[in-house]
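Analysis of the macromolecular model
Listed below, chain by chain, are the residues.
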Amino acid sequence: MTGQTAKIASLCKCGSAAVRQVNQFINHGELWWDAEFSCDSCGTYLCEQAGPGTAPDDVREALLAAHGPARLRLAEPVSSLVPVLKVLREVSAVSLSQARELAEKLSHDGVVGTLSEMELLKARLQLRGVPVDIDR
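Residues numbered from 1 in each chain as written. Predicted model: local features only at pLDDT ≥ 70, side-chain atom pairs only at ≥ 80, totals over all residues. Heavy atoms only, no water.

**Digging into the state of the cysteines**
Overall, the coordinates contain zero disulfides when judged by the stated rule. There is no disulfide at C39, and the cysteine sulfur nearest it, in C14, is 3.7 Å away. The class of C39 is buried, set by a relative accessible area of 3%. As a non-bridged cysteine, C47 has C12 as the owner of its nearest cysteine sulfur, 16 Å distant. Judged by its relative accessible area of 48%, C47 is partly exposed. (Disulfide = S-S within 2.5 Å. Buried < 20%, exposed > 50% of the residue type's maximum accessible area, 1.4 Å probe, protein only.)

**Points about the side chain of T114**
Relative to the assigned elements, T114 resides in the loop between β6 (111–113) and α4 (115–127). A polar side-chain atom of T114 sits 2.4 Å from a polar atom in the side chain of Q24. In this view, T114 contacts Q4, Q24, R60, L63, L64 and A70; residues no more than four positions away in its chain are not counted. (Helix = DSSP H or I, 4+ residues; strand = E, 2+ residues; numbered from the N terminus. Polar contact = N/O pair within 3.5 Å; in protein donor to acceptor, adjacent residues only side chain to side chain. Contact = heavy atoms within 4.5 Å.)

**A word on the nonpolar core**
Among the nonpolar cores identified, the biggest contains 20 residues, and L72, V84, L88, L106 and L125 are the most heavily contacted of them. Among the secondary structure elements, those contributing two or more residues to this core are β5 (70–74), α2 (82–92), α3 (96–107), α4 and β7 (132–135). Of all hydrophobic cores here, the second largest spans eight residues; its members include W33, A35, A55 and L63. (Core = buried A, V, L, I, M, F, W, Y, C linked by side-chain atoms within 4.5 Å.)

**Observations regarding the sheet that holds strand β2 (residues 17–27)**
The strand order across the open sheet formed by four strands is β1-β2-β3-β4, and the pairing between neighbours is antiparallel. Of all the strands in the sheet, just β1 (3–11) and β4 (45–52) have a single pairing partner and so form its edges. In this sheet, adjacent strand axes meet at a mean angle of 15 degrees when their direction is disregarded. Sheet analysis places strand β3 (residues 30–38) next to β4, joined by seven bridges and oriented antiparallel. If you follow F37 over to β4, its bridge partner there is L46. Strand contacts of helix α1 (residues 57–67): β1, β2 and β3, with the helix running at about 110 degrees to β1, the strand carrying the most contacts. The strands that α4 touches are β1, β2 and β3; relative to β2, the one it contacts most, it runs at about 5 degrees. (Pairing = 2+ DSSP bridges. Axes fitted to C-alpha atoms, helices over the stretch in contact; angles between N-to-C directions.)

**Re the pairing of β3**
As defined by bridge partners, β2 adjoins β3 across nine bridges and the pair is classed as antiparallel. Its bridge partner lying in β3, Q24 is registered against W33. As consecutive antiparallel partners, β2 and β3 are separated by two residues, and within that stretch H28 has a phi angle of approximately 50 degrees, a positive value. Between β3 and β4, which pair antiparallel in sequence order, lie six residues; one of them, G43, sits at a positive phi of approximately 85 degrees.

**Points about α2**
Taken together, the buried positions of α2 are occupied by V84, L85, V87 and L88. In a view along the axis of α2, the buried residues occupy a sector of 165 degrees, so they form one face of it. (Arc of directions from axis to C-beta.)

**Thoughts on α1**
When we look at burial in α1, the residues that qualify are V59, A62 and L63. The arc that holds the buried residues of α1, viewed along the axis, is 95 degrees, so those residues lie on one side. In α1, the exposed positions that point more than 90 degrees away from the buried face belong to D57, E61 and A65. On its buried face, α1 sits against β1, β2 and β3.

The following block contains the structure:
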């Protein structure tokens, strides 16, 4: 299971400094994220969110700040972009024109995101026979 964690300073209801831990990972072939809150002063601990889907911007930003972006690129030219377009539309729920733009990026500079996002995309593309690599 590929995953990343980031800790964000937060403030508890009790007035003390607390920590919000955010995670993003692949679970059974799906992208998941969760957020936990804990305060050592008053003992508060709660799971704020856990489930599949795209992480909110604040979670993605924290993960990217803590770990840096991962870049996914085609490892070699492909004879047809059809499998690439299908995967991009399935994983990212984008329009055909947006998928074409992403496929073009994959062919050149690469697509950038969190490691978990790129690992999921890599796995799906490889299932369709598309050779890709991740740079960190």
